[in-house]
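Structural description and commentary
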Amino acid sequence: MLESYSVTLALLDAANDKDPGVQEQVRKSILTLGNHQPDKVLSMCQDYLVKHSKLVSGHRVVVLQTIELVVKSKIDDISSPKIKSIITLASDEMTRSKEIIPDWQQTASNILVAVGNKYINDFMEEILSKFQPGVLPHFYVVETLASLSDSNVYGMVPFLNAILGTMLPMLSMAKQDNMKLVFSSALSHFSESILEYLANLDKAPDPTVRRDTFSGEIYTAYDVLFSSWLQSRDPKLRLTVAEALGAMSHLIAQDKLEEQLPRLLPALLSLYKKNPENYIISKSLCQVLDAAVNMGSRVLETQIDGLLTALHQQDSIKSCNSNERHILCLSVLGTANAFPDRLMVFVLQRLENSNERSRIGSLTVLRHLINSTSSIMETKKLLVLASIKQPLADHSNKVKQRVVQVISAMAHHGYLELEGGEVLVRFIIQHCSLPDSQHVCSLLPAPPASVTAHHSHGPASFLYKCIGVTLQQCTNKELVRKQLQEILISARHNDATERAGVAMGVGLCARSHLDDTLAKLEEFGKSDAFKKASGIFGLLKDKNDVDVEKMKSTMILCYGHVALHAPEEQLLLRLDTHILRSINKHFNTKVRGTGGLAASGLARLAPAGSGPLLAPALATAPAWRAARSEPQLSNTACVPQHIESWLSSRQDHERERAMRTVAELLQFYLGSLNVKNLVTFHNLGALLGRLAPRCTDPSPAVRTAAVDCIYTLLHIQLRYEGFASDYRDDSVETLLTMREKLSDPDPSVLYKTCSDLTKIISKRLPHQQLNTLIFMLFEGLVDSQSNCSRASSVILNTLLRNRGAGLQDLVPEMLEALHVRLQVISEEQVKVAVAQSILILASQHLQTVINTLLSHPLPWDSWSCEMWIALGADSAVARQIMEMIMEKLNIMVPFEDKKQSMLRPGMTKVATSQPLAMTCALRELMLNGQAEEATVTLFPRLFSALLVRVGSSVAVQLPKDISSNGIGNERRASGKRVFLFPSVAVEALRILLARAHLDAVVKALDEDAAWDKMKGSQQHTAGVTRLSRAMAKHAGPRLPAILESLCPSFNNIYECQRITVTAFCSELLNHHVVTELMMIDMLMNSMMERISDPCSTVRMLAVRGLGNVAVGSPEKVLDLTPDPIRWIPVQAANAPWETFSRNMHLLVNDKLRCASIMLLGNLSRFGSGEAVFKDQIHNVLVSLLMHLNDPNAQVVKACKYTMRVCAPVVGSEQITAMFHNHLHEEKGLHYGEFINDLIKYIIQDFPGMLNFYHVTVVQFFKSNWSEIRASAAMFIGEKI
């Protein structure tokens, strides 16, 4: 048991291996263990995920996939409690992240579906808890419900009515396309599941379920999808909605469907124009027509003509592959039972149209009608026989191909036995007896090249070709081998024309004798003829060298023609082992120019051909022959790789030759291309990325050839998408017009044309190719031709504007590539364009851009700084970034307390990297002058945030990883931005003030050296005080908004931040501007709250601030009228008296004690004549008397001052006179006599206070100072 546990745990750890093969083996191994002990293995997997909550996504996915495998394999053997825990785990994993992470969440969804297939009730209990009314569910919750409705129809359908009831209100809440898409997909799956359930009621658990059970909910959903979502700009969403509408049409009530058909059918037909992928549209249309026919729709009769025309047009266009045509024909057949005569007349009339497309479409439909509706067609056989005769005379091979297919179908259904059938038989026989080039077999795609196509190489060449044709027909293999030997040995290999003829003859022979031809070529390659110049004698370089190289050229040409003419199905099996291996063996620099034909022959196999092995044939592209009749071609993947050095050459003629070579290659490739199945043109993005920037090349010839290349590439892409060779796309054809514009050397015209060209590329380029194109353009930013590097930037930015919104996953990689490119770009205009690229990405994926740039290691190099500065160019983007950063700074930990070292006791504050990076980001953003608008708008919040950051930076050390990067002057050479901590925040604050045009504030702080004071821990508060003073003098109107932003920081958990904010606000009370701006009450309240702060420095600053009120706003007290408002300062001043009366004896700090007592004196000005102040004076009188004998002289002076100014409030003329006469700051005082006389007056004037004074004095017996304890004893003694 223990061994099994250890093995499973080790396998789970190994699941993070980078090798997919290892991951697969881990899954299989754990599955093997799980098959024996499913509960135990599932528990271990579950515990592993719970304990390692921060596993990388890939590792987590492998563990979840393993759980899925075990569940699917042993679902019957897993205990019920374990099933429930697995459901909970999978549900949590699936919905943990709000963002869509397909690999992770799909795997978790798969687990739920696997469990739900057997335990539907447990599944529904969990999943419906996350599918609540009024709350938009997680994407994969809906996706999981849809998937289970497919795999467990009988289990899910009984729940669907309730699910639909909950889902319908959610449809109006879905604003994002991805949620609309998953809802549409779910409705499609639900509808299909319901239809399957209804079609098999005999097997269903509840046979009472009826179609009308769901019709109301389905119609409500249909209305949302059809009226709103079908008009989406997202083609994927449109197709998904169309698919759902088709499935839903069978469940909508008949009267509702009849009402909707006049709108629904044209809407579906219009989608053909908007989407290149027509299969789904055709499927949906077929379902709608089927539903309409089944219910005997009368509306359909009014739509039939338009339907037949549109469907026939679709069946004739090039984009339809066989599957789509089949669906389209079925769509037509859906109407056949209802309208057979009209359908037949329509199809046969179109056969009379000589247009190739129309005729091909009609023949295709006719073939399906013959095969699929024999009962309907029985009475129309003679009509079909009469109508088919006209296409027999068509000269188009494509039409003939369809005619042959129709005749074949007719033969199976007895048409040819009727009168007139012999004409069709004769047609077949005639085409079987024609030469190869016109043989009926050649009506199939990709006809072999005609032997008689080329007679321009002279008599010898023509004779060799004749020999090849003759050997092709020969059945004597020995004779074939003998003749091939003779041809290869007797040929004059130095003659290029004869070499070409030999190669042609050998290639033609290979059409019928491939293995014999390859064997003879290999035998010839090993013969003595190739060894004459080998060994030590090869050093002599005699004429044999030339002969051997020419013979190798002949061999490579022969292999090229073999590849060109041999049967494809045989050739593919021998491609690697015979042809490519032999070509590489004979290939060297002297024969590269002749290797092109080998590539040409192999290129017809693309994309199945092995691209990298064809590369050598292109290495010397300018040396290729100029004869266009036999252009040289390589697999298109190799074009940029092996001609790149010439494409970017500094010599005009080299670039011209290279570009023209590529153009001819691509043209030949297009002409030879035969796409039998829809495949992806994987190299399109890479090729466009290499070639498009050359459209602004300094050489007009290069520009023209570049446009030709792009034009050809886009046509190749159309062919790969399934369009016919003669199809013309309007947008692609506009390139021909642009070609003329590129003759103008004006750079502005060239770049404008280049931008227009990019829009066309963007329109035609598949999404999966976009990333390759973009990264190729990144390389083009450092092109040797400045025109082309600028063009790369223009193309890049146009692409990002048009298609960048769908590239979120690539944003980090793109930013890293731009960061690398910035380090080597010398062209200033290109740097500006790169900045624009970053800004475009930020406008589309702001959060991702910010996260990526913040992750750059500190200190940032100058290029990282440039990227941040670039973001400041757009005021709106800059504002968003600033707001996001400020929000994050408010909640992030500014530093951590860490132990200094093992040898030194105590803790030290170490800055956290993220807030530091954000502060740097604000600094760089504000350096861009175009960010001024955003900076001024957010000035109060920015000022507050940066002031708090300054406070958080004092006495804080840099993290070790930043320190190790180095911040000294030696880093300047490597581009590192030099900065010291905490100067980053101070610098940012200085830039902010400058951007806000507060030059007077900056000047005042410069003169006072306040910036340096703010950075140091000893003078930090002094520096902040000077900042506050300058702001009060020169930026008064800005203060209310600043204080509003600063207020939350008064209660911050970080002491350093409270110190900074309190210091700033304390000084403001020293200036009358706070009264003018009606801020004094708020500031005083804040200071009074800080008096009880745990930090003594904050308390001292608060007391100082309250004392500053009398200096800054004395008239506030003097000018108050008898009004309730008068009590605001009175009540505001009441709290500190109470606080000081309780805590005076605890104030150990001399300065704080002195400031507190001075504050009492200053506050007494507020209470002149107020009864409440009289009480407060008596509350603190004992404390003042005790500290009148304080060991600190300054405290004694403060007591004298406060008692003298408070004297009028005491309420005794004798005591007032005594205070005025004896308590002068600069005069001495006999404390004993003073106390003796004063107590007499107290007993006389305030006998009721004696007990209070007694209790208060007793507290001072515990004072830290002996002088105070003595004073307390003296006071009690005199009183007694």
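Counting of residues starts from 1 at the beginning of each chain's written sequence and follows it residue by residue. Selection of residues for local features in this predicted model requires a pLDDT of at least 70, selection of side-chain atom pairs for listing and counting requires 80 or more, and totals for whole chains, interfaces and linings are taken over all residues. Working from all heavy atoms in the structure, the side-chain values ignore hydrogens and water.

A run of DSSP states H or I qualifies as a helix once it reaches four residues; a run of E qualifies as a strand once it reaches two. Both are numbered from the N-terminal end. The secondary structure content of the protein chain amounts to 65 helices and two strands. Relative accessibility under 20% of the residue-type maximum defines a buried residue, over 50% an exposed one, and the middle range a partly exposed one, all with a 1.4 Å probe and only protein chains included. Residues counted as buried form 54% of the 1280 residues belonging to the protein chain. We call two residues contacting when some pair of their heavy atoms lies within 4.5 Å. Across the protein chain, the fraction of contacts at a sequence separation of at least 24, relative to all contacts at a separation of at least 6, is 73%. Note on areas: Shrake-Rupley, 1.4 Å probe, and residue coverage restricted to the protein chains presented here. Of the roughly 55,500 Å² that the protein chain leaves accessible, carbon and sulfur atoms contribute 52%.

Pairing of aromatic side chains requires ring centres within 6.5 Å, counting the rings of Phe and Tyr and the six-membered ring of Trp. Pairs whose planes differ by under 30 degrees are stacked, by over 60 edge-to-face, and all others tilted. Going through the model one piece at a time under the given rule, you end up with 12 aromatic pairs. Aromatic side chains Tyr-154 and Tyr-197 sit 5.7 Å apart centroid to centroid with 55 degrees between the ring planes, which places their arrangement in the tilted category. Here Tyr-154, found in helix α9 (residues 153–171), pairs with Tyr-197, found in helix α10 (residues 177–199); they are 43 residues apart in sequence, far enough to count as distant. Residue Tyr-154 is classed as partly exposed on the basis of its relative accessible area, which comes to 27%. Considering the side-chain rings of Trp-860 and Trp-868, the 5.6 Å spacing of their centres and the 15 degrees angle between planes classify their relative orientation as stacked. For the residue pair Trp-860 and Trp-868, the accessibility class agrees, reading buried in each case. Here the aromatic cluster, defined as three or more aromatic residues joined through ring pairs, consists of Tyr-219, Tyr-222 and Phe-226.

Moving on, we come to the nonpolar core. Take the buried residues of types Ala, Val, Leu, Ile, Met, Phe, Trp, Tyr and Cys, join any two whose side-chain atoms come within 4.5 Å, and each joined set is a nonpolar core. Residues Phe-943, Leu-993, Met-1031 and Phe-1064 are the most contacted members of the largest nonpolar core, which totals 161 residues. Ranked by the residues each element gives to this core, the list is headed by helix α34 (residues 700–720), at 12 residues. Those residues in contact with Phe-1064 that sit more than four places away from it in its chain are Phe-943, Leu-947, Val-1024, Leu-1027, Ser-1028, Met-1031, Leu-1039, Ile-1042 and Leu-1046.

So, on to the confidence of the model for the protein chain. Residue-level confidence of the predictor is summarised by pLDDT, bounded by 0 at the bottom and 100 at the top. Per-residue confidence for the protein chain gives a mean pLDDT of 79; residues scoring 70 or more make up 83%. Throughout residues 532–546 the model reports pLDDT below 50, and contacts reaching past four residues in sequence, or to other chains, amount to seven contacts.

The next point concerns the environment of Thr-1025. Here Thr-1025 lies in helix α51 (residues 1020–1034). Separated by 38 residues in sequence, Thr-1025 and Ala-1063 place their C-alpha atoms 6.0 Å apart. Setting aside chain neighbours within four positions, we find Thr-1025 in contact with Ala-1063, Glu-1067 and Arg-1104. A distance of 2.7 Å separates a polar side-chain atom of Thr-1025 from the backbone oxygen of Thr-1021. In protein, a polar contact requires one atom able to donate a hydrogen and another able to accept it; more generally it is a pair of N or O atoms within 3.5 Å, and residues adjacent in sequence count only if both atoms are side-chain atoms.

What follows is about unusual backbone geometry. Put simply, Leu-858 and Pro-859 share a cis peptide bond, and its omega is -5 degrees. Note that Pro-859 resides in the loop between α41 (846–854) and α42 (862–871). The phi dihedral of Met-1078 is positive, around 55 degrees, even though this residue is not glycine. If you trace the backbone, Met-1078 turns up in the loop between α54 (1073–1076) and α55 (1080–1090). The exposure class of Met-1078 is exposed, given its relative accessible area of 75%.

This part takes up the packing of helix α18 (residues 356–372) against helix α21 (residues 397–412). Axis definition: a line fit to C-alpha positions, over the contact stretch in the case of helices; interaxial angles, taken between N-to-C directions, run 0 to 180 degrees. Relative orientation of the contacting elements α18 and α21 amounts to 15 degrees, with a least axis distance of 9 Å. For the element pair α18 / α21, the angle class is roughly parallel. Here the hand of the crossing between α18 and α21 comes out left-handed. Side by side, α18 and α21 meet where Glu-356, Arg-359, Ile-360, Leu-363, Thr-364, Leu-366, Arg-367, Ile-370 and Asn-371 of the first sit next to Lys-398, Val-399, Arg-402, Val-403, Gln-405, Val-406, Ala-409 and Met-410 of the second. Under the convention adopted here, Pro, Cys and the residues Ala, Val, Leu, Ile, Met, Phe, Trp and Tyr are nonpolar, Asp, Glu, Lys and Arg are charged, and Gly plus all remaining residues are polar. Grouping the constituent residues of the contact of α18 with α21 by class yields nine nonpolar, three polar and five charged. The scheme is simple: roughly parallel for angles under 35 degrees, roughly antiparallel for over 145, roughly perpendicular for 65 to 115, oblique for anything else. Crossing handedness follows the turn of the near helix against the far one: under a right angle anticlockwise gives a left-handed crossing, and clockwise gives a right-handed one.

Another aspect to go through is the pattern of salt bridges. Salt bridge, as applied in this entry: a Lys or Arg side-chain nitrogen positioned within 4 Å of an Asp or Glu carboxyl oxygen. Enumeration according to the criterion identifies 43 salt bridges in this entry. A salt bridge links Arg-27 to Glu-24; the shortest N-O distance between them is 2.7 Å. Within this pair, Arg-27 and its partner Glu-24 are both found in helix α2 (residues 20–36), separated by three residues, close to a single helical turn. Among the salt bridges present, the one from Glu-827 reaches Arg-790, with a minimum N-O distance of 2.4 Å. Of this pair, Glu-827 sits in the loop between α39 (811–822) and α40 (828–844) while Arg-790 sits in helix α38 (residues 786–803), and the two are 37 residues apart along the sequence. Judged by relative accessible area, which is 23%, Glu-827 ranks as partly exposed. With a relative accessible area of 18%, Arg-790 lands in the buried category. One network of salt bridges, with partners in common, ties together Asp-652, Arg-655, Arg-694, Asp-697 and Asp-783.

With that settled, consider the packing of α34 against helix α36 (residues 747–764). Two measures define how a pair of helices packs: the angle their axes make with one another and the distance between the axes. Orientation of α34 relative to α36, taken along the N-to-C sense of each, is 10 degrees, at an axis distance of 11 Å. Considered as vectors, α34 and α36 are oriented roughly parallel to each other. Across from Arg-703, Val-707, Ile-710, Leu-714, Gln-717 and Leu-718 in α34, the residues of α36 making contact are Leu-750, Leu-757, Ile-760, Ile-761 and Arg-764. Per-class residue counts for the contact of α34 with α36 are eight nonpolar, one polar and two charged.

Now for the environment of Ser-645. With respect to the helices, strands and loops of the structure, Ser-645 is situated in helix α31 (residues 639–647). Separated by 13 residues in sequence, Ser-645 and Ala-658 place their C-alpha atoms 9.0 Å apart.

Let's shift gears to the side chain of Thr-852. Following the sequence through the fold, Thr-852 ends up in helix α41. In terms of polar contacts, Thr-852 uses its side chain to reach the backbone carbonyl oxygen of Thr-848, at 2.8 Å. Those residues in contact with Thr-852 that lie beyond four places of it in its chain are Pro-812 and Leu-815.

Right, let's get into helix α62 (residues 1213–1222). Taken as a whole, α62 has its buried residues at Ile-1215, Thr-1216, Met-1218 and Phe-1219. The buried residues of α62 all sit within an arc of 165 degrees when viewed along its axis, so they share a single face. Turned more than 90 degrees from where α62 packs its buried face, Glu-1213 and Asn-1221 sit exposed. Here, the arc refers to the directions that run from the helix axis to the C-beta atoms.

Here Glu-68 lies in helix α4 (residues 57–74). Judged by its relative accessible area of 10%, Glu-68 falls in the buried class. Here Lys-72 takes part through its side chain, which lies 2.8 Å from a polar atom of the side chain of Glu-68. Apart from residues no more than four positions distant in its own chain, Glu-68 is found in contact with Thr-107, Asn-110 and Ile-111.

Here the expected length of a helix is defined as 1.5 Å per residue gap, with one fewer gap than residues. Compared with an ideal rise of 1.5 Å per residue, which puts 15 residues at 21 Å, helix α6 (residues 102–116) spans 20 Å between its outermost C-alpha atoms and is within 8% of the ideal. For α6, a buried count of 11 out of 15 residues is recorded, marking the element as mostly surrounded by other parts of the structure. Looking at α6, one finds that the buried residues are Trp-104, Gln-105, Thr-107, Ala-108, Ser-109, Ile-111, Leu-112, Val-113, Ala-114, Val-115 and Gly-116. The inward-facing, buried residues of α6 abut α4, α5 (80–95), α7 (120–128) and α8 (139–151).

The residue Met-410 is located in helix α21 in this model. Here the alpha-carbon distance between Met-410 and Arg-367, two residues 43 residues apart in the chain, equals 8.0 Å. Beyond its immediate chain neighbours, meaning those up to four positions away, Met-410 contacts Ile-370, Val-384, Leu-385, Ile-388, Tyr-415, Leu-416 and Leu-424.

Time to look at the state of the cysteines. Disulfide assignment relies on a single distance test, namely cysteine sulfur atoms paired within 2.5 Å. Going through the model one piece at a time under the given rule, you end up with zero disulfides. Of all cysteine sulfurs, the one in Cys-1154 lies closest to Cys-1199, which takes part in no disulfide; the gap is 8.5 Å. Relative accessible area serves as the criterion here: at 0%, Cys-1199 is assigned to the buried category.

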